[in-house]
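Here is what each chain is made of, one letter per residue.
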Amino acid sequence: MSTMLVWSVTAAQIMLGLAMACAAFRIILGPRAQDRVVGFDSLYVNAMLMLLAFGIRSGTALYFEAALIIALLGFVGTAALGKFLLRGEVIE
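All figures in this text were calculated on a predicted structure; none of them were measured in a lab. (Residues numbered from 1 in each chain as written. Predicted model: local features only at pLDDT ≥ 70, side-chain atom pairs only at ≥ 80, totals over all residues. Heavy atoms only, no water.)

## Thoughts on the overall build of the protein
How we decide: Secondary structure counts use DSSP, requiring at least four H or I residues in a row for a helix and at least two E residues in a row for a strand, with both numbered from the N terminus. Radius of gyration means the value over C-alpha atoms here, while the globule rule gives 2.2 Å times the residue count to the 0.38 power. Note on definitions: a residue-residue contact is assigned when non-hydrogen atoms from the two residues lie within 4.5 Å. Using a 1.4 Å probe, the Shrake-Rupley method yields the accessible areas, and only the shown protein chains count as cover for residues.
The helix and strand tally for the protein stands at three helices and zero strands. The linear arrangement of helices and strands in the protein, starting from the amino end, is α-α-α. Its C-alpha radius of gyration of 16 Å places the protein more than 25% over the 12 Å reference for a compact globule of 92 residues. Once local pairs closer than 6 in sequence are excluded, the contacts in the protein between residues at least 24 apart make up 53%. Total accessible area on the protein stands at roughly 6300 Å², and carbon and sulfur atoms take up 76% of it.

## A short note on helix α2 (residues 33–58)
The condition is simple: What a helix is expected to span follows from its residue count: subtract one and scale by 1.5 Å. Any residue under 20% of the maximum accessible area for its type is buried, any over 50% is exposed, and the rest in between are partly exposed; the area is computed with a 1.4 Å probe on protein chains only.
Compared with an ideal rise of 1.5 Å per residue, which puts 26 residues at 38 Å, α2 spans 37 Å between its outermost C-alpha atoms and is within 8% of the ideal. Considered for burial, the residues of α2 that qualify are D35, V37, G39, Y44, N46, M48, M50, L51, A53 and G55. Packed against the buried residues of α2 are α1 (3–29) and α3 (62–87). Where α2 terminates, the next one or two residues include G59, which has phi positive at roughly 85°.

## Some words on the confidence of the model for the protein
So the rule is basically this: The predictor rates its confidence in each residue with pLDDT, a number between 0 and 100.
Averaged over every residue, the pLDDT of the protein is 91; residues scoring 70 or more account for 97%. Put simply, α3 is where the protein has its lowest mean pLDDT, 90, and α1 is where it has its highest, 95.

## A closer look at the packing of aromatic side chains
To be explicit about the condition: Between the rings of Phe, Tyr and Trp (Trp by its six-membered ring), a pair exists once the centres lie within 6.5 Å; its type follows the angle of the planes, with under 30 degrees stacked, over 60 edge-to-face, and the other angles tilted.
A complete count under the given rule lists two aromatic pairs for this structure. Considering the side-chain rings of F40 and Y44, the 6.2 Å spacing of their centres and the 50° angle between planes classify their relative orientation as tilted. Linking F40 with Y44, this pair stays in helix α2, spanning four residues, or about one helical turn. Residue classification places F40 among the partly exposed residues on the basis of a relative accessible area of 31%. Look at F54 and Y63: their rings are 6.1 Å apart centre to centre, the planes differ by 40°, and that puts the pair in the tilted class. Under the relative-accessibility criterion, F54 is labelled partly exposed at 36%. Residue classification places Y63 among the partly exposed positions, given a relative accessible area of 31%.

## Some thoughts on the side chain of N46
Relative to the assigned elements, N46 resides in helix α2. Those residues within four positions of N46 in sequence are excluded, and the remaining contacts are L16, A19 and M20.

## Some words on α3
Taking 1.5 Å as the rise per residue, α3 with 26 residues should run 38 Å; its terminal C-alpha atoms sit 38 Å apart, in good agreement. At its buried positions, α3 is contacted by α2. In the stretch just after α3, G88 is the one whose phi turns positive, near 90°.

What follows is the structure, encoded as structure tokens:
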């Protein structure tokens, strides 16, 4: 792997780690439930991108498959939480 790519992936992982810390801060100290849902949404997107960065660094397809699963489950979880906060029930 070229030196430029190594430095770029390392910088991306550091910034994604900081973004995940900010999202965790929002989840823990969010004054409302809606703020916590937005923090959760941001956290799973950042986790998915972190796995993609690990996949680029290692060159294996396993990380890309795990990122796809996190994206699908995170989207469903966010939609369910949003519906619960809006209506008070998930399944009608």
